[in-house]
Each structure stands twice: as C-alpha cells, then as structure tokens.
Amino acid sequence: MTPELMESGARAREAHEARLAPQGSSGGSASFGRRLGTEPDFAHGVALYLDDITVSFDGFKALNRLSLAIDVGELRCIIGPNGAGKTTMMDVITGKTRPDAGRLSFGSNIDLLRLREPEIVQAGIGRKFQKPTVYEELSVFENLELALAADRRARAALWSRLSGVQLDRIAEVLQLIHLLPQAQRTAGLLSHGQKQWLEIGMLLVQDPKLLLLDEPVAGMTDDETERTAELFLSLEGRHSLVVVEHDMKFVAQLTEGRKKVTVLHEGAVLAEGRLGDVQANEQVIEVYLGR
Ligand code: ADP
Ligand code: MG
C-alpha cells in the first residue's frame, strides 16, 4: 500500500470513528490518543471485576447491583432475555455509560470508572458491535493494516512500511479469521459473516487482553456460526472473552459442556453455572418462557 493511500485511509478511519463516537464525547479517535501508563495486573487471575454496579435510566434500573468476575483467559457466555441489561453491561465496561454506583476494575489495579473510552481501549479492552463496520472500499488486508496502524504500538507503520513482525501478525490474524485467501479482496464484496470476522480481526491485530462480543453470530449462516465458535475457542486462554449471545447451539459449542455461563435478568445475575444446569433452573425457565 502506498503512503498516500495509508494516509487517506487513516483520515477515513478518523472520520469514521468520529461518526461512531457518541454525542457529547470529547474522546475523539479511540486509537490515536495518548498512551496509558499502567498495564493491568492479572496476577490474581481476575481479568475483569464488576462489583455492585447500578445504572438507572430515568429511575429505571437497567443494571441493578450487578456483580460479576471474569478470569484471565476465560471465555464467558452471558445469556438472558431481551432487556436484561447485557448491552448496558458492555456499555459500562467500555466507558460509554457511567454507572450510578459500583466498582469496576480491569485486573486488580485499573479502575475503569476513572478512564475515558479511548483510554479503556488502550488499556486492552476491545469491543465488537453487532453491525460490522469495516471499510467497504478497502481490501481485507488494508482493513487489517489500518487497524494495526491505529494501535499505539504500531503508529509508526502509518508513515513507513510495515515491519516483518507486523506482517506476521496480520498473516496470523488472516489465518485465524479464515480470510487468508481473500486478503486482496475488497471488503465490500465479502459475505455478512466474513465481514463480521474481518471486524473481529481488526480487533485482534491490536491484541486486546479482553474482548467483548455482543451477539457476534446474529445473521450468520449455520456454517459461519460454527466456524465463529471455533475461532473464539482458539482465542481462549490468550485473551479473555465475554460473549453475549441468544443462539443456544452456539453457546453450547463454546461452553463445551463444562464452562460457566451467566444468566442476566433485570440487570442482575439470575443464575451462573454450567449451561445444562442453568437451563434446568426453574427461575431461568420462567424468565425465558415469560418473554
Ligand atoms: P439487553 O442487551 O440485555 O437486551 P439492554 O442493556 O439493551 O438489554 O437494555 C436493558 C434495559 O435498559 C432495557 O429495558 C432498555 O430499554 C433500557 N435501556 C438501555 N439503554 C437505554 C437508554 N439509553 N435510555 C433508556 N433506557 C435504556
Ligand atoms: Mg443487547
């Protein structure tokens, strides 16, 4: 890619991020901001800790004293009926919504409630929204290149050639997201599922420590859904993942019959445990049937 194209791509990305930024946010580009001094301390094995978090919208409690802990390297599925507060929980973790009360820490040392949205990204928390937001007119490779260049550790790549290490990282991610054969393809020509993978890849090149995925397989074919589960399983351990999803077959594939699932209801944890156990739980059955 030429420097001119990289530069215009960077401008496109900044404009794009400005459009995506919530009203009133002064954060600007999430990825070109200053460096965060502190790294999360994972020595205690906990990646993310929500404690007694409450979020009210005009008196209505979207989150009601929610407490939850995600271990380092854990893949945690969160299920629950519509309106349970799942997306609001992700909004709080990423700094988009500020809670009325509670504590929120990344590792044992980083108080996320003191950080702004771009600082939370820099601390190593990546979020995948439901709708894919790739640069349709650029190739798959160029999309990943831009995402990498947006990383604080790789900003220099914008103005120079990619280093071997960076190319290796892009190649590694292309493999992971099953798009190596499509690397030179225009992103706009990909299937819906492939665009979703590309967007996950754009998060992965930045090597986030924690990935938040809100309904990642919505609109995917069965085959794409299955391959997405395989992708997430391959990420487990290296990253911590929080996956919100309604598709129970997908959740079953991810949990492999043993992992912990959290059921959210009315802004709090209703049940937690193995998928089979929570699905047999009377209260859980009631909230799902009561929909
Ligand atoms: P879920 O993702 O589990 O379906 P949400 O977190 O989107 O649930 O929503 C939880 C509840 O909070 C819903 O009743 C929703 O209408 C309400 N809610 C979410 N965001 C807002 C907002 N910005 N203003 C008012 N109510 C909101
Ligand atoms: Mg939601």
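(A) Quick peek at the pairing of strand S9 (residues 260-265). For S9, the buried fraction is high: five of the six residues fall into the buried class. Inspection of the sheet shows strand S3 (residues 75-79) paired to S9 by three bridges, in the parallel sense. Its bridge partner lying in S9, Cys77 is registered against Val261. Where S9 lies against strand S10 (residues 268-274), six bridges are found, and the strand directions are antiparallel. Looking at the pairing, Leu264 lines up with Val269 of S10. Adjacent in sequence and paired antiparallel, S9 and S10 are bridged by two residues, among which Glu266 carries a positive phi angle near 50°.

(B) Representation of the packing of helix H7 (residues 222-235) against helix H8 (residues 248-255). It is at 9 Å that the axes of H7 and H8 come closest, and there the two elements cross at 30°. For the element pair H7 / H8, the angle class is roughly parallel. Every pair of crossing elements has a handedness; the one defined by H7 and H8 is right-handed. Across the interface between the two elements, Thr225, Glu226, Ala229, Phe232 and Leu233 from H7 touch Phe250, Gln253 and Leu254 from H8. Looking at side-chain class alone, the contact of H7 with H8 contains five nonpolar, two polar and one charged residues.

(C) A look at the sheet that holds strand S4 (residues 101-106). The strand order across the open sheet built from four strands is S2-S1-S4-S5, with neighbouring strands paired in antiparallel fashion. One side of each edge strand has no neighbouring strand; the edge strands of this open sheet are strand S2 (60-71) and strand S5 (110-111). Looking at chain direction, S4 and S5 are connected through two bridges and run antiparallel. Within the sheet, the bridge partner assigned to Phe106 lies in S5 and is Ile110.

(D) Representation of helix H2 (residues 86-93). Judged by how many residues are buried, H2 sits mostly within the fold: seven of eight residues are covered. Within H2, burial applies to Lys86, Thr88, Met89, Met90, Asp91, Val92 and Ile93. Gly95 sits one or two positions beyond H2 and adopts a positive phi of about 85°.

Conventions we followed
Residues numbered from 1 in each chain as written. Chains lettered and ligands numbered in written order. Predicted model: local features only at pLDDT ≥ 70, side-chain atom pairs only at ≥ 80, totals over all residues. Buried ≥ 20, exposed ≤ 12 C-beta atoms within 10 Å, placed from the backbone. Helix = DSSP H or I, 4+ residues; strand = E, 2+ residues; numbered from the N terminus. Pairing = 2+ DSSP bridges. Axes fitted to C-alpha atoms, helices over the stretch in contact; angles between N-to-C directions. Parallel < 35°, antiparallel > 145°, perpendicular 65-115°, else oblique. Left-handed = near helix turned anticlockwise from the far one by under 90°. Contact = placed C-beta atoms within 7 Å. Nonpolar A, V, L, I, M, F, W, Y, C, P; charged D, E, K, R; others polar.

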